[in-house]
Amino acid sequence: MALIACDGFDHYANSGGMSPAPADILSRRGGGIQWNAQTGVGYIIPGRNSFGGAIELGQNTYLRGTLTTPISAGFVGFAALTRLTIDDNSPYFELVDLRAGNVVQISVQFNVTTNSIQVYRGGTGGALLGQTLNNVFTNGIWNYVEISATIHPTAGAVTVRLNGANVLVLTAQNTQNSANATFDGVWFQGAPVVTGTYWQIDDFYIADTTAGSGLVPFNAFIGDARVWTLYATGDATTQQWTPLAGTNWQEVAETNNDGDASYNSTLTVGARDNFHFQQLPTSVQVLAVQVTGSYRRDAAGPRTVNQHLTSGGTDVAGANYVLPNTYVYCCDFWTVDPHTGAGWTVAAVNAVAAGYGLVA
């Protein structure tokens, strides 16, 4: 599988602050991860690089994701902006837990007193596996954090990388704290005892250790990554759904899902829409292309949609999604250009058309 999922947190409903939480983050489908629990989560604009949005967690808040398939080893990357102060009870702050169900396999934590990163088996109160030198992590600025982890009772391994440099390498460790040598949960936690603080997350990815195709195989660290969200700018060759008003692309061009204020609809199996999108700058390197749409059924009986991407005349479809009667986000990604079978170029991305169709 290699790349499992990525998320720039740019299209979820904007709450304008810590409350109310962007509840539709839990409506994500596809791409190998489901955000399945959150409390107190805020949505902040702009996100990193003054672009899109970011997720904010305050005291005693959390965002928890579950993988479709458990893995024994993998890579997790995300941008983190911490604004933390020290509580006398504990200087430790959990950046991310890798869990098997509700059991913490390993926890990667930030020590606010020493500005160091520490790795525990079993979370806070568990076994300290190792720690970085002091002052490797800077509070108050964006850092890009990457973690590789292998879950095993004797041959476990953890590497922590900050801003492209390895700061901690652990081998021959016991990283298994449950009955199974896997993890299926990626949990971001707000500070339980570090008070008056918050932190933000952006530009997330997760991959396993199998070699994928494309410019990078996603079986190693990819470095400081950005999930760049592009929105529809016009209709492409096919518009077979009925817009509520205006043109089809105008009904799906909003940054955040506006519910039934704008939509396209159809009862015709096989009907499709596709669109042109904003342009990427020529300076970026494209590692994968993801198509994300928001859908619901509005009548009794099952409805199934899929998403399409067309590059250079080659059309490919993603997974089939059976829809509930409330909006869900469906996500499909391609790490190679289906027209060439090779890695994406910026020119190819800027020329694609993408959209959706009613399957049944």
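Preceding block: the structure.
Let us look at the structure shown here. (Residues numbered from 1 in each chain as written. Predicted model: local features only at pLDDT ≥ 70, side-chain atom pairs only at ≥ 80, totals over all residues. Heavy atoms only, no water.)

Turning next to the sheet that holds strand β25 (residues 353-358). Taken together, five strands build an open sheet; the order of strands is β17-β20-β25-β22-β23 and the sheet is antiparallel. Strands at the two margins of the open sheet, each flanked by one partner only, are β17 (232-239) and β23 (314-322). Mean inter-strand twist for the sheet, computed between neighbouring axes without regard to direction, equals 25°. Sheet topology note: the strand β22 (residues 304-311)/β23 ladder contains seven bridges and is antiparallel. Each residue of the ladder has a partner; that of V305, found in β23, is Y321. (Pairing = 2+ DSSP bridges. Helix = DSSP H or I, 4+ residues; strand = E, 2+ residues; numbered from the N terminus. Axes fitted to C-alpha atoms, helices over the stretch in contact; angles between N-to-C directions.)

Let's shift gears to the sheet that holds strand β2 (residues 28-30). The strand order β2-β24-β21 describes an open sheet built from three strands, whose pairing is mixed. With partners counted over all chains shown, the strands left at the sheet margins are β2 and β21 (289-295), one partner each. For this sheet, the mean inter-axis angle between neighbouring strands, taken without regard to orientation, is 25°. The sheet contact formed by β2 and strand β24 (residues 328-334) spans three bridges and is parallel.

With that settled, consider the pattern of salt bridges. Within this structure, the stated rule accounts for six salt bridges. Note that R28 is salt-bridged to D7, the shortest N-O span being 3.2 Å. A residue pair is termed long-range when its members are at least 10 positions apart, and R28 in strand β2 and D7 in strand β1 (residues 3-7) qualify at 21 residues. We classify R28 as buried; its relative accessible area is 1%. Relative accessible area serves as the criterion here: at 3%, D7 is assigned to the buried category. Across the salt bridge formed by R48 and D224, the nearest N and O atoms sit 3.0 Å from each other. Highlighted residues: R48 in the loop between β4 (42-44) and β5 (54-58) and D224 in the loop between β16 (198-208) and β17, separated in sequence by 176 residues. One connected set of salt bridges, linked through shared partners, spans R48, D203 and D224. (Salt bridge = Lys/Arg side-chain N within 4 Å of Asp/Glu carboxyl O. Buried < 20%, exposed > 50% of the residue type's maximum accessible area, 1.4 Å probe, protein only.)

Attention now goes to the side chain of N306. Within the fold, N306 resides in strand β22. A distance of 3.0 Å separates polar atoms of two side chains, one belonging to N306 and the other to H308. Once residues lying within four places of it in the same chain are set aside, the contact partners of N306 are A317, G318, A319, N320, G355, Y356, G357 and V359. (Polar contact = N/O pair within 3.5 Å; in protein donor to acceptor, adjacent residues only side chain to side chain. Contact = heavy atoms within 4.5 Å.)

Moving on: the packing of aromatic side chains. Tallied over the full model, the rule gives 16 aromatic pairs. Taking 6.5 Å as the distance between ring centres and 40° as the angle between the ring planes, the aromatic pair formed by F9 and Y12 counts as tilted. Judged on exposure class, the residue F9 and its partner Y12 are both buried. Ring plane angle 80° and centroid distance 5.4 Å describe the contact between F75 and F221, whose orientation is recorded as edge-to-face. Taken together, the residues F75 in strand β7 (residues 73-83) and F221 in the loop between β16 and β17 connect sequence positions 146 residues apart. F75 sits in the buried class, given a relative accessible area of 10%. Of the aromatic side chains, those joined through ring pairs into one cluster are F9, Y12, W35, F78, F93, F188, W199, F204 and Y329. Its guanidinium or amino end placed over the ring of Y62, R64 lies 3.6 Å from that ring's centre, counting from NZ or CZ. The ring centre of W228 lies 3.6 Å from the NZ or CZ of R226, which sits over that ring. (Phe/Tyr/Trp six-rings, centres within 6.5 Å; stacked < 30°, edge-to-face > 60°. Lys NZ or Arg CZ within 6 Å of the ring centre and 35° of its normal.)

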